[in-house]
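Coordinate analysis (summary)
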Amino acid sequence: MALTKTHYEFKPYNVARWLIWSLFTLLLVVLPLVFTSNLSVTMLTQMGVAMIACLSYNMLLGQGGMLSFGHAVYTGLGSYIAMHALNAASNGSVNIPVTLIPLVGGVGGMFFAILFGYVTTRKSGTTFAMITMGMGELVFAMSLMFSEFFGGEAGVSGNRVIGQAFWGITYGPPVQVYYLTAAYTLVCVALMYAFTRTPLGRILNAVRDNPERVEFIGYNTQHVRYLSFIIAGFFAGIAGGLAAVNFEIVTAEVVGAGRSGAYLLFTFLGGATFFFGPLIGAVLMVLAFVLLSEFTKAWLLYLGLVFLFMVMFAPGGIASLIMMNLRLAAFGRLRQMWVAYVGLAVTALMALAGAAAMIEMVYHLQLNAALGPELKFAGVGLNAESLNSWFGSAFVMLTGLGLFELARRQYVHDWDETQVFIEKEIKRREAL
Amino acid sequence: MEFFFISMLNGLSYGLLLFMLSSGLTLIFSMMGVLNFAHASFYMIGAYIGYTLNSVLGFWVALLVAPFLVGILGATFERLCLRRVHKFGHVPELLVTFGLSYIVLEVVQLVWGRTAVEFAPPPALQGPAFTLVQNSLNGLSLVWGAAAPELCSAADAAVRVVCSPFPATRGFMMLVALMMMVGLWLLLKRTRVGLVIQAALTHPEAVEALGHNVPRVFMMVFGVGTGLAGLAGVIGGSTFVTEPAMAATVGSVIFVVVVVGGMGSLAGAFLASVLIGVVQTFAVAFDSSLVSLMQGWGWQLSSALQNNSVLKLTLSQVAPILPYLFLVLILIFRPKGLLGTRET
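Residues numbered from 1 in each chain as written. Chains lettered and ligands numbered in written order. Predicted model: local features only at pLDDT ≥ 70, side-chain atom pairs only at ≥ 80, totals over all residues.

Another aspect to go through is the overall build of chain A. Looking only at helices and strands, one finds 16 helices and four strands in chain A. Within the span of chain A, comprising 432 residues, buried residues form 41% of the whole. In chain A, of all internal contacts separated by at least 6 residues, the share reaching a separation of at least 24 is 78%. (Helix = DSSP H or I, 4+ residues; strand = E, 2+ residues; numbered from the N terminus. Buried ≥ 20, exposed ≤ 12 C-beta atoms within 10 Å, placed from the backbone. Contact = placed C-beta atoms within 7 Å.)

Structure (structure tokens):
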């Protein structure tokens, strides 16, 4: 059926969209030129990988309302398939360029999504969550049974520098792997954004919001979930393949429950309700795994607490906080709020510093008792066995909490005022 | 024969422990629609609090007080966190409990350390409850407590004697689980409180209109459910190991139990717990693989087939994945679970 237009349609360029995508591309290109150290380049690569993985996860959580506890199955199995393909390529038994290895991982992830998704997507909601968790445990338990494929405890390792150099690209230096990842990230992010605009993406949102009505208008919700699950599995597999190329080793923990939990946690922290939320989550994930875990032993505790408060007070994640303030800025009221923000930030930091000092002292007592009771926290020397340190930390925390409450009341007051103003402004503009 | 009896009893006791956990989970789920992801974490807290109380006040006090404390913790969590996200829907509720499971794991490691603690059962429960003596002359006999050494060794080398003890802790575990089951049934079916709970399950608005405080009922149910997990924790912790990984080991299995039994069905949870407990215990005990089975049938296998990694797997190696395989099969052939009534 050919559609011919009978009239001229005015379609303005979506300037903001072009601007944002160009900025994103520019950022991907420029970042390794700014952060040139080996650690930061690997971290940037990991961020790119995490972005694809979190976005593919959000295809399920944010767009389909499917809370999965087993997404690492698809990234992880993608990693394994990609690693075996890489090893086969270096043996010379198949001829695949390293550039396309992540795609092989993607196909692998998709294959397992087709296989497992048939069972998991039969249900939605809470049952879906439990079945995905069971699937995750199943695959993880299998990884210890089939050592030919999973490589047992040691995992499967390979070498990404194979074949002839093409235009000087050998994937030996980490920067080249970064640019490979960046290219994949850009294309995958664009494709996943495009997916949200397709009829399937739209009906997936409808399945999330009101499955009964979707059934009424003649769609099979199970089928919609299954198709989306397969596509998410494909992108997850690509992320896994990129990770395999980056690390050159795949161990069984990539399919484990911890990894699945991390995807869920950070996608939610970034913000599942907006498309760009998981991108923020991915950056946070790599920062937390690489830097925060070095900085403090108690990082999982902090992570859990942050997550708990986020679910309770800002279920839209960081992305929703940004969007709320963008709305404020659009109406020119952000300037009146900044004092309240500074107040909130300073008092919260104070309370956190006190609480963190106490947590660090407990951890120090528990883990490093042999090193003596002294420890350094944020440049301050503390003694975990002296009353002074405990009293000081508790005092800082309680004062911070008290002041935070005062600042919060002022903030809530200001916030309500601006919201009333914005509502009025919208009404006024409508009336014009 | 004695192997079968002892394995059956071991399987039943493990299954009943699973039921102690999954009953609380099912109760909370069917009441509030909340899947408590941190349920196994409350089990772990119960074990650790039980361990601390055990060393201070003795086991029997710990058995009574620890579940109570865990229940209070659960009710507090419901009041402070869960109730706040109730308005956002079921997924944020699940996520809050997911976050809690991270925090509990870290706090437990912070307070009690990262390695297993020594949580020994009281002297009365140490040693076997009874011993089955299989004598090739006299047949099978049962001895209460530990069997005397002269019973287990025959003077004549031609007489084969096997003594199989059954641990008293496991017997105690079965006893407590059965008592808990009866108590729960009486509470739900025979008391006024149970009546309100059942009514609030299906018609919360009507119950509220009659003057009952439904949020408080929810808080109590959450407290009771987590308290049951705490009770299971004291018993499970003293029978098995009390370590930070204990929540993860049992956590995913109880979710399987709840889905296999049918979401929100207590009877289904019971059936599925016992089934999975027995199947897993028997599977661990068998060392046969497909290769040995086929050779048992008299098939000639090539050496390539004999070394095939799939065929070579023994049943005891496959045991950890059996519950999940069971889950998949149930979902394909009976999506609402064994005794479930809800379709989605």
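Picking up after the structure, the text goes on.
Another point: the overall build of chain B. Counting secondary structure elements, chain B contains 16 helices and three strands. Relative to its 344 residues, chain B shows a buried fraction of 45%. Taking all contacts inside chain B whose residues are at least 6 apart in sequence as the whole, residues at least 24 apart take part in 77%.

Residue and element names in this part refer to chain B. Taken N-terminus to C-terminus, the directions of helix α3 (residues 59–85) and helix α4 (residues 90–112) make an angle of 140°; their axes are 8 Å apart at the nearest point. In terms of orientation, α3 lies oblique with respect to α4. For the crossing formed where α3 meets α4, the hand is right-handed. Where α3 abuts α4, its residues F77, C81, L82 and V85 lie against P92, E93, V96 and L100. (Axes fitted to C-alpha atoms, helices over the stretch in contact; angles between N-to-C directions. Parallel < 35°, antiparallel > 145°, perpendicular 65-115°, else oblique. Left-handed = near helix turned anticlockwise from the far one by under 90°.)

Moving on: the confidence of the model for chain A. Looking at chain A, the pLDDT average stands at 83 and 94% of residues meet or exceed 70. For chain A, per-element mean pLDDT is lowest for strand β3 (residues 374–377) of chain A, which scores 70, and highest for helix α10 (residues 221–247) of chain A, which scores 91. (pLDDT = per-residue confidence, 0-100.)

The next point concerns the domain arrangement of chain A. It is common to report an interface's size as the accessible area lost on association of the parts. Residues and elements named next belong to chain A. Per the domain assignment, the segments making up chain A are domain 1 (15–315) and domain 2 (331–431). When each unit is reduced to the centre of its C-alpha atoms, the spacing between domain 1 and domain 2 is 33 Å. Contacts between the two partners involve four residues from domain 1, matched on the other side by four residues from domain 2. (Domains from an automatic or database assignment.)

Our next topic: the interface of chain A and chain B. Between chain A and chain B, the residue contacts involve 35 residues of the former and 35 residues of the latter. Residue assignment for the side of chain A that touches chain B shows that the elements contributing at least two residues are α5 (125–143), α13 (299–313) and α15 (334–367) of chain A. In terms of residues, the side of chain A that touches chain B owes the most to one element, α5 of chain A, which gives 12 residues. Residue composition of the side of chain A that touches chain B, grouped by class: 24 nonpolar, seven polar and four charged. (Nonpolar A, V, L, I, M, F, W, Y, C, P; charged D, E, K, R; others polar.)

In this section: unusual backbone geometry. Of note in the backbone geometry, E248 of chain A takes a positive phi value of approximately 60° without being a glycine. Examined against the element boundaries, E248 of chain A turns out to sit in the loop between α10 and β2 (249–250).

Our focus in this paragraph is the packing of α5 of chain A against helix α16 (residues 322–333) of chain B. It is the contact of α5 of chain A with α16 of chain B, at a shortest axis distance of 9 Å, that shows an interaxial angle of 135°. Classified by the interaxial angle, the pair formed by α5 of chain A and α16 of chain B is oblique. In terms of crossing hand, the pair formed by α5 of chain A and α16 of chain B is left-handed. Contact residues: I131, G134, E137 and L138 of chain A in α5 of chain A; Y324, L327 and L331 of chain B in α16 of chain B. Of the residues in the contact of α5 of chain A with α16 of chain B, the class split is five nonpolar, one polar and one charged.

On to helix α12 (residues 277–295) of chain A. All names here are of chain A. Between its terminal C-alpha atoms α12 stretches 25 Å, which fits the 27 Å expected from 19 residues at 1.5 Å a residue. Regarding α12, the residues found buried are G277, P278, L279, I280, G281, A282, L284, M285, V286 and A288. On its buried face, α12 is in contact with α2 (38–64), α11 (257–270), α13 and α14 (317–330). (Expected span 1.5 Å × (residues − 1).)

What follows is about the environment of L331 of chain B. Relative to the helices and strands, L331 of chain B resides in helix α16. Put simply, L331 of chain B and L266 of chain B are 65 residues apart on the chain and 19 Å apart in space, counted from C-alpha to C-alpha.

This next bit is on helix α6 (residues 168–190) of chain B. Residues and elements named next belong to chain B. Compared with an ideal rise of 1.5 Å per residue, which puts 23 residues at 33 Å, α6 spans 32 Å between its outermost C-alpha atoms and is within 8% of the ideal. Regarding α6, the residues found buried are A168, T169, R170, F172, M173, A177 and M180. Residues of α6 that are buried sit in contact with α1 (2–32), β1 (128–135), β3 (161–167) and α9 (214–239).

Let us now look at the confidence of the model for chain B. Taken over all residues, the pLDDT of chain B has a mean of 82, while the share at 70 or more is 88%. Across the whole predicted complex the pTM is 0.86, and at the interface the ipTM reaches 0.83.

All names here are of chain A. Of note, A330 is situated in helix α14. Judged by the 11 C-beta atoms lying within 10 Å of it, A330 falls in the exposed class. Once the C-alpha coordinates of A330 and I422 are considered, the two residues, 92 residues apart in sequence, prove to be 9.7 Å apart.

Counting through the fold element by element, R213 of chain A comes out in helix α9 (residues 211–216). Put simply, R213 of chain A and V29 of chain A are 184 residues apart on the chain and 45 Å apart in space, counted from C-alpha to C-alpha.

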